[in-house]
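# Results of the structural survey
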Amino acid sequence: MSVHSMPVGSDAEVAGRVDALIAGMTTAEKAGQLTQYFYFDLPPAGEAADQASGGAEAPGPGFDGHGITVDEALGRGQVGSLLFVTDPAQINRLQRRAIEGSRHGIPVLFGFDVIHGLRTIFPVPIAMAASWDPGAIEQGQAVAAREARAVGIHWAFAPMVDIARDPRWGRIVEGAGEDPYLAAAVAAAQVRGFQGAGPGAPGRVISGPKHFAGYGAALGGRDYDEVNLSDSELWNVYLPPFKAAVDAGAENIMTAYMDLNGVPATGNHWLLTEVLRDTWGFGGFLVSDAQAVHNLRTHGFAADLADAGARALRAGVDMEMAVGNPAYAHLPEAIEAGLADEETLDACVRRVLTAKVRIGLLDQPYVDEDQARAVLADPAHRAAARQAAQRSAVLLRNEGGLLPLASPSSIAVIGPLADSRRDTLGPWVFDFDLDETVTVLDGIRNRAGHGAEVGYAPGIRPAQRVFPSMFDMFANNAPADPEGFDDDAELARAVALARASDVAVVVLGEWQNMIGEAASRSSLELPGGQLALLQAVVATGTPVVLLVMNGRPLDLRWAAANVPAILDIWYPGTQGGAAMADLIFGDAAPGGKLPFTWPRTVGQVPLVYSHTISHEPVNQGRRYWDEESTPLFPFGYGLSYGRFEYRDLTLDRDRIQAGQTVTASVTVTNAGDRAGDEVAQVYIHQRHGTASRPVRELKGFERVALAAGETRTLSFALGPAELRYWNAAARDWVIDATTIDVFAGGDSAAGLTASFTVTG
Ligand code: BGC
């Protein structure tokens, strides 16, 4: 029997163990159980700063908490959880200290940002969403959970399920894009992947969807800025992925940093208790985002730290994630002053301890270091990552069927990102292995073997951020500026290489430290001299395949008009280059679809497909603009090596009563001469009712693999869950008496249509 599969007992037994512990705890010990500290195990500050370009200060291990170090707090039994430790030996050392320091022998939970893999890095979350493949998404997070649990991590601060409709916001890369229906499916799949049959099961961890709620709507796409959401947007767009995650059994939720409609999310009783617990029945524990309780004072909300702690506790925050000087260390004095009560404190402690018991932590607090090494090295994890990267790539353009490549004898690989291991992995990874990371250049070289000559030229030096990233305290985060790089000579060398080759594969995008948390941009242009490099390569006349490495839509107007083949590869992870070679050479077919609307320029944002209208849409709304107003690529768009045709959209009934279900069926044929993957999509539009509804809303999808000439008929249920919406006037969910138009096809501009009537 695996060490993690210990039976933890019935609910009553769990409750009994928890209550017995609480009965013997002091108020200070309880407050300690509700405190989570960062524990950075970095090289000494000087060394880290040398490695990082920005010279960010690295906090050393055990930095100051509440006048004491984390190590001291552990020794006093006043730490509930630690984050950012990934080394199993270190985890065991800290755990021993916690258990020996606690009068009750209570172990700490180890949490970590396991966002898209621990050692085996999968494509970034927006890429996984682009697979439109809940099975692959679940499998990816199951691998991540297995690796995390093996090293002693019990809890992943993931998935991020924030809807993002403004690509200036760097954290768009961590989510599933703009659409609540797709994002809800992706959220549930990730929770299932992390938790399996339950976090106590072997190789599984607690999943903590975040950031509750609305964080993605930061004003102007500026990270951490205030969020003002209408009732309708909140319920219809921003909350559904959280609801789906809760329904999938997520045992934790993380709060958000910002003000939501004027009240800090982390001190928001309505949000955290009335919606999450009372309305949705969430029974797990809530953690604050880092320092967000402490920062209730910074918001101008709490008077001081005791007030901040009391307000968060009363709002429903069970555990404070503290960068230093936790507000929850002041809970004893807050209770003394009557700002909070002991019963509320006990309820929070009960939820945290219940999580510890349920995951088996009290029975098996230590981790087997040998087993950890074996799990991290599992080749099956690399195979899953490679397949995930294949499935997440989106083919945006393929004029003349340039892809897959038809046995070129020479290939020019161009652009600094083509050979950057760190950037291939993407943001929000820390425990990766650079040596085993396969870049696009590596992948093409390996696949081409002796069959084609592969040359490489970066052409330009890596672009640098204007201001250093807060992640630069981790080694290798910022790209090194190559010494002795002769810009003119390197550009000329790249152009000459392209001219002398049968095909040029150009890899362009954003360096990974330009996207993610605290990485907002006011421009979507390719940074550095990348556009000029692309233009110079295209001017040689050699056919160009552009691979885009990104987590947000970039300004690709020139490329979309001038480059025959464009494949969005995102940040594809450990096996990224191998997977891209599979696609480029036709060993696998791309089939991903965009999880966001791709604007032409930053001035169009936010631009979403599911908007409402107030005027007849003459010429797609262009009449009201003096410039092109459509997206560059619509939501849901993506090509494959097959060519898909849709016909016979039929409904099993043309009239239902509210509460009943219509089944829509549509037939898809691969009319091309190669096999390929297609994501069939179904959208609805409500013609009239008690509120205006979007012109289209996604309500069903299925990814299918079709051989050349193959036909499949797919069915989609449109029932109460799909037809209801939150009506801001009624302040309730409604299903209107109306006519519903149904659209089916391969993207949000789908042309096939049918309709049915809903009676009251
Ligand atoms: C982020 C969270 C993350 C936490 C811990 C915060 O700054 O907003 O998403 O889980 O740090 O690393």
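Residues numbered from 1 in each chain as written. Predicted model: local features only at pLDDT ≥ 70, side-chain atom pairs only at ≥ 80, totals over all residues. Heavy atoms only, no water.

Tallied over the entire structure, the rule returns 44 salt bridges. The partner of arginine 171 in a salt bridge is glutamate 174, and the shortest N-O contact between them spans 2.6 Å. Accessibility expressed as a relative area gives 1% for arginine 171, which makes it buried. The partner of arginine 461 in a salt bridge is aspartate 481, and the shortest N-O contact between them spans 3.1 Å. Residue arginine 461 is found in the loop between strand S13 (453-457) and helix H19 (487-499), and its partner aspartate 481 is found in the loop between S13 and H19; the two are separated by 20 residues along the sequence. Overall, the relative accessible area of 44% leaves aspartate 481 in the partly exposed class. Connected via shared salt-bridge partners are Asp133, Arg391, Asp677 and Arg703. (Salt bridge = Lys/Arg side-chain N within 4 Å of Asp/Glu carboxyl O. Buried < 20%, exposed > 50% of the residue type's maximum accessible area, 1.4 Å probe, protein only. Helix = DSSP H or I, 4+ residues; strand = E, 2+ residues; numbered from the N terminus.)

Attention now goes to the packing of aromatic side chains. Under the counting rule described, the total for this entry stands at 32 aromatic pairs. Judged by centre distance (5.8 Å) and plane angle (65°), the rings of phenylalanine 112 and phenylalanine 430 are edge-to-face. Residue phenylalanine 112 is located in strand S3 (residues 109-112), and its partner phenylalanine 430 is located in the loop between helix H17 (421-425) and helix H18 (440-448); the two are separated by 318 residues in the primary sequence. Of the two residues examined, phenylalanine 112 and phenylalanine 430, each falls in the buried class. Members of the aromatic cluster, each reached through a chain of ring pairs, are Phe38, Phe40, Phe84, Phe112, Trp428, Phe430, Phe471 and Phe474. Sitting over the face of the ring of phenylalanine 301, arginine 311 holds its NZ or CZ atom 4.5 Å from the ring centroid. We note arginine 724 situated over the ring of tryptophan 733; from NZ or CZ to the ring centre the distance is 3.8 Å. (Phe/Tyr/Trp six-rings, centres within 6.5 Å; stacked < 30°, edge-to-face > 60°. Lys NZ or Arg CZ within 6 Å of the ring centre and 35° of its normal.)

Ordered by their spatial adjacency, five strands build an open sheet running S18-S26-S25-S20-S21, and the pairing between neighbours is mixed. Looking at the sheet topology across the chains shown, the edges are occupied by strand S18 (655-657) and strand S21 (697-706). Averaged over all neighbouring strand pairs, the angle between strand axes comes to 25°, with direction disregarded. Bridge count between S18 and strand S26 (residues 752-759): three bridges; the pairing is parallel. Residue pairing in the sheet places isoleucine 656 in a bridge with valine 758 of S26. (Pairing = 2+ DSSP bridges. Axes fitted to C-alpha atoms, helices over the stretch in contact; angles between N-to-C directions.)

Okay, the packing of H19 against helix H20 (residues 530-538) next. Between H19 and H20, the least distance of the axes is 9 Å, while the angle of their chain directions is 35°. Crossing hand, H19 versus H20: right-handed. In this structure, H19 uses Leu491, Ala494, Val495 and Ala498 to contact H20, whose residues at the interface are Leu533, Ala536 and Val537. Across the contact of H19 with H20, the residue classes tally to seven nonpolar, no polar and no charged. (Left-handed = near helix turned anticlockwise from the far one by under 90°. Contact = heavy atoms within 4.5 Å. Nonpolar A, V, L, I, M, F, W, Y, C, P; charged D, E, K, R; others polar.)

With 17 residues, helix H14 (residues 342-358) extends 24 Å from end C-alpha to end C-alpha; this agrees with the ideal 24 Å at 1.5 Å per step. Within the span of H14, buried status applies to Leu345, Asp346, Cys348, Val349, Val352, Leu353, Ala355, Lys356 and Val357. Directly after H14, the chain includes glycine 360, whose backbone phi takes a positive value near 90°. (Expected span 1.5 Å × (residues − 1).)

Core analysis: the largest hydrophobic core is formed by 222 residues, its most contacted members being Leu82 and Phe212. Residues contacting phenylalanine 212, with those up to four places away along its chain left out, are Leu239, Phe242, Ile253, Met254, Thr255, Ala256, Ala265, Leu271, Leu272, Val275, Leu276 and Trp280. Counting residues in hydrophobic clusters, the runner-up holds 24 residues, among them Ile656, Ala664, Leu706 and Val742. (Core = buried A, V, L, I, M, F, W, Y, C linked by side-chain atoms within 4.5 Å.)

Right, let's talk about the environment of valine 454 for a bit. Position of valine 454 relative to the elements: it lies in strand S13. Residue valine 454 is classed as buried on the basis of its relative accessible area, which comes to 17%. Sequence separation between valine 454 and isoleucine 444 is ten residues, and the spatial gap between their C-alpha atoms is 7.7 Å.

Surveying the vicinity of the ligand reveals 14 residues, the closest of which are Asp113, Arg171, His211, Tyr257 and Asp289. Residue tyrosine 257 places a side-chain N or O atom 2.6 Å away from an oxygen atom belonging to the ligand. When the ligand sits alone it has 310 Å² of accessible area, and the protein chains cover 95% of it. (Near = heavy atom within 4 Å. Polar contact = N/O pair within 3.5 Å; in protein donor to acceptor, adjacent residues only side chain to side chain. Areas by Shrake-Rupley, 256 points an atom, 1.4 Å probe, with all protein chains shown as cover.)

Here we come to the environment of aspartate 487. Following the sequence through the fold, aspartate 487 ends up in helix H19. The class of aspartate 487 is partly exposed, set by a relative accessible area of 36%. Taking the C-alpha atoms as reference points, aspartate 487 and arginine 461, separated by 26 residues in sequence, lie 7.4 Å from one another. Residues in contact with aspartate 487, not counting those within four places in the same chain, are Gly459 and Arg461. At 2.9 Å, the side chain of aspartate 487 and the side chain of arginine 461 are in polar contact.

This part covers the sheet that holds strand S19 (residues 662-670). Taking strand neighbours across the sheet as the criterion, the three strands line up as S17-S19-S22 in an open arrangement whose pairing is antiparallel. Among the strands making up the open sheet, the edge pair consists of strand S17 (644-651) and strand S22 (711-718). In this sheet, neighbouring strand axes are inclined to one another by 20° on average, regardless of whether the strands run parallel or antiparallel. Sheet topology places S17 next to S19; six bridges connect them, and they run antiparallel. What sits directly across from tyrosine 646, in S19, is valine 668.

According to the domain assignment, the protein consists of domain 1 (385-594) and domain 2 (642-759). Counting residues at the interface gives eight residues for domain 1 and nine residues for domain 2. Taken together, both faces of the contact between domain 1 and domain 2 bury some 630 Å²; the carbon and sulfur share is 41%. Looking only at domain 1, the three residues that lose the most surface to domain 2 are Arg391, Gly591 and Lys593, adding up to 66% of its buried area. At the boundary of domain 1 and domain 2, one finds two salt bridges. For the salt bridge of arginine 391 with aspartate 677, the shortest nitrogen-to-oxygen distance reads 3.5 Å. At the junction of domain 1 and domain 2, the tally comes to four residue pairs in polar contact (both at pLDDT 80 or more). Looking at side-chain class alone, the side of domain 1 that touches domain 2 contains three nonpolar, three polar and two charged residues. (Domains from an automatic or database assignment. Buried area = accessible area lost by both parts, 1.4 Å probe.)

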